[in-house]
Amino acid sequence: MSGARYIIAALVAVAAIWEFAVIVTGVPRYILPSVGDVMVAFVNNWSLIGEHLIVTLTEVVLGIVIGTCLGCVTAIQLETSRAARLFLRPILIFSQAIPVFALAPLLTLWLGYGMISKVVMAILIIYFPVTSSFYDGLVNTPKSYLDLATTMGTTKWRQLFLIKVPAAAPSLFSGIRLAAVYAPIGATIGEWVGSSQGLGYLMLLASGRVKIDLMFASLLTLGVMSMGLYAIISVTLGRLSRFNG
Amino acid sequence: MTASVPSITVRGSAGHDGTMLFDGLEMHIGAGQWTCLLGPSGVGKSTLLRLLAGLDTHVDFNGTLETSDGIPLAGRVSYMAQSDLLLPWATICDNVGLGSRLRGEKPNLEKLTKVIADVGLGDHAEKRPGQLSGGQRQRAALARTLMEDTPVVLLDEPFSSLDARTSFDMQELVARHLGRRTILLVTHDPGEAVRLCHRIYILKQGRVDQVESLAPPFPRDFADPEVFARQSALMARIREDTG
């Protein structure tokens with residue numbers, strides 16, 4: 001069976017268990033709607049869900065792009081400058097000790113209810129994994145490559161960009177794959193805390209109006225969006241890294 | 001190759017944390033000749049080679065490193081290791097021209113094409129190292145060394161990871177192409193030392209001894225009875241010395 005068939009089989013199995021649980025337990029629809037109810041809610045509200053999906057997707061993609069760029073710059077700073085290592089590492093570790101959930105209300109207060117506070121949430125949540133994985137890749141460049149470069153008479157920066165950065169690419173790519181999974185979490189937390197758009201906002205709105213089927217439809221859309229994003233990033237990075245050893 | 005080819009003399013001792021790796025070393029690496037440093041694993045052969053290459057060694061070297069022309073070795077040395085050290089993400093062409101790019105120079109494309117063709121990889125220039133066999137990869141490493149065109153070449157067991165046939169072919173190829181450069185070959189294979197080298201040193205238990213080598217021309221034919229005899233004698237000497 002191919003990979004796609006396994007995924008479809010798993011989804012069908014989950015849907016069957018869900019449907020079975022609803023029928024057997026007789027749980028009310030406003031607690032747990034059936035799969036059919038959720039599908040109907042999705043079809044009836046596809047335009048509304050699509051509108052909010054675009055907002056969340058934009059926040060997530062911007063978060064991944066900006067967070068990855070910032071993470072790369074920081075990792076290079078850490079690798080090339082001892083002063084940066086001494087100064088930035090404690091700040092980085094401290095920033096990870098604070099739960100992002102705790103920062104969401106502050107970011108909303110400072111940056112408003114618009115998209116910026118959600119993008120910043122996504123950036124904050126992916127910044128550390130990207131920085132950390134890329135930095136690890138840079139410092140773990142095989143010493144033999146660096147020895148060869150030394151005998152060839154190179155400079156520190158050429159060695160960085162021609163040897164270390166390509167050698168660290170697989171580690172960076174692992175960080176970006178993690179970012180693809182974490183960024184939707186950051187954006188959704190931001191939307192829950194304060195927003196007027198996005199799938200997180202739609203889920204809260206539906207929950208408040210006891211439209212649990214719409215809430216589930218939004219939740220499933222968020223899940224599919226995250227999986228799709230991860231798949232696209234994963235396949236693209238896989239193609240880029242197929243020559244890296 | 002246009003630069004002058006120096007001879008190198010190394011004298012001194014090296015150790016770390018009170019443990020002596022070698023002491024009272026005196027080794028002469030002849031100009032335009034192959035010199036072999038032979039010995040079992042872990043006696044410090046590669047450390048000595050790294051000292052010459054100007055690389056970190058984690059040992060304290062107390063001694064002198066003199067060249068016959070008085071010019072320091074830095075920038076005049078290229079290095080071929082047991083592992084081919086090809087960058088897996090770069091094509092063979094980019095790997096061979098790596099030195100130029102690392103120095104910020106534009107690679108000489110004509111020379112690059114010729115060097116790759118000379119080692120028999122003309123049809124593989126745009127492939128990645130992962131697409132080549134072990135022998136082809138070592139040929140690419142040789143092409144990279146030829147492209148550097150330095151008067152001194154340090155070879156750190158470059159044939160030891162190859163099968164017998166490929167290793168033999170590579171020895172012939174390297175001997176033919178590196179020409180009359182000053183070469184230090186580190187190896188633990190007495191046969192390789194006898195066939196290729198003008199001068200043979202054995203490093204063991206902290207001291208370096210020069211042993212008798214064959215007369216030119218090199219490389220000697222592998223079927224030459226003299227090669228067999230000298231190889232056996234050398235092997236007996238190593239076994240006797242290492243107990």
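Parameters and conventions
- Residues numbered from 1 in each chain as written.
- Chains lettered and ligands numbered in written order.
- Predicted model: local features only at pLDDT ≥ 70, side-chain atom pairs only at ≥ 80, totals over all residues.
- Heavy atoms only, no water.
- Pairing = 2+ DSSP bridges.
- Helix = DSSP H or I, 4+ residues; strand = E, 2+ residues; numbered from the N terminus.
- Axes fitted to C-alpha atoms, helices over the stretch in contact; angles between N-to-C directions.
- Contact = heavy atoms within 4.5 Å.
- Buried < 20%, exposed > 50% of the residue type's maximum accessible area, 1.4 Å probe, protein only.
- Buried area = accessible area lost by both parts, 1.4 Å probe.
- Salt bridge = Lys/Arg side-chain N within 4 Å of Asp/Glu carboxyl O.
- Domains from an automatic or database assignment.
- Polar contact = N/O pair within 3.5 Å; in protein donor to acceptor, adjacent residues only side chain to side chain.
- Nonpolar A, V, L, I, M, F, W, Y, C, P; charged D, E, K, R; others polar.

Comments concerning the sheet that holds strand β4 (residues 60-67) of chain B
Residue and element names in this part refer to chain B.
Thinking step 1. Strands sit in the order β2-β1-β4 across an open sheet of three strands; the sheet is antiparallel. What marks the edges here is a single partner per strand, and that holds for β2 (19-29) and β4. Within the sheet, the average angular offset between the axes of one strand and its neighbour, ignoring direction, is 5°.
Thinking step 2. Of the pairings in the sheet, the one linking strand β1 (residues 8-16) to β4 comprises eight bridges and is antiparallel in character. Within β4, the position partnered with Gly-15 by the bridge is Asp-60.
Thinking step 3. Its contacts with the sheet place helix α1 (residues 45-53) against β1, β2 and β4, and it is angled at close to 60° to β2.

So, the environment of Arg-239 of chain B
All names here are of chain B.
Thinking step 1. Among the structural elements, Arg-239 can be located in helix α8 (residues 225-242).
Thinking step 2. What makes Arg-239 exposed here is its relative accessible area of 59%.
Thinking step 3. Considered as a pair, Arg-239 and Ser-100 are 139 residues apart in the sequence and their alpha carbons are 44 Å apart.

Description of the interface of chain B and chain A
Thinking step 1. On the side of chain A, 21 residues touch chain B, which itself brings 20 residues to the contact.
Thinking step 2. In terms of surface lost to chain A, no three residues of chain B exceed Leu-85, Trp-89 and Leu-102 of chain B, which account for 36% of the buried area on that side.
Thinking step 3. At the boundary of chain B and chain A, one finds two salt bridges.
Thinking step 4. Listed by contribution, the elements that provide at least two residues to the side of chain B that touches chain A are α1, β5 (77-80), α3 (98-102) and α5 (134-148) of chain B.
Thinking step 5. For the side of chain B that touches chain A, the element with the most residues is α3 of chain B, which contributes four residues.

Some thoughts on the domain arrangement of chain B
Residues and elements named next belong to chain B.
Thinking step 1. Looking at the assigned domains, one finds that chain B contains domain 1 (8-76 + 153-172 + 181-243) and domain 2 (86-149).
Thinking step 2. A C-alpha centroid distance of 26 Å is found between domain 1 and domain 2.
Thinking step 3. Contact with domain 1, which involves six residues of that partner, is made by eight residues of domain 2.
Thinking step 4. Buried area between domain 1 and domain 2, both sides added, is near 550 Å², and the carbon and sulfur share of it is 65%.
Thinking step 5. Among the residues of domain 1 in contact with domain 2, Leu-162, Met-170 and Arg-181 are the three that bury the most area, contributing 67% of the side total.
Thinking step 6. For the interface between domain 1 and domain 2, the tally reads one salt bridge.
Thinking step 7. With a shortest N-O distance of 2.6 Å, Asp-149 and Arg-181 are connected by a salt bridge.
Thinking step 8. At the junction of domain 1 with domain 2, the criterion picks out two residue pairs in polar contact (both at pLDDT 80 or more).
Thinking step 9. Within the side of domain 1 that touches domain 2, the residues separate by chemical class into four nonpolar, one polar and one charged.

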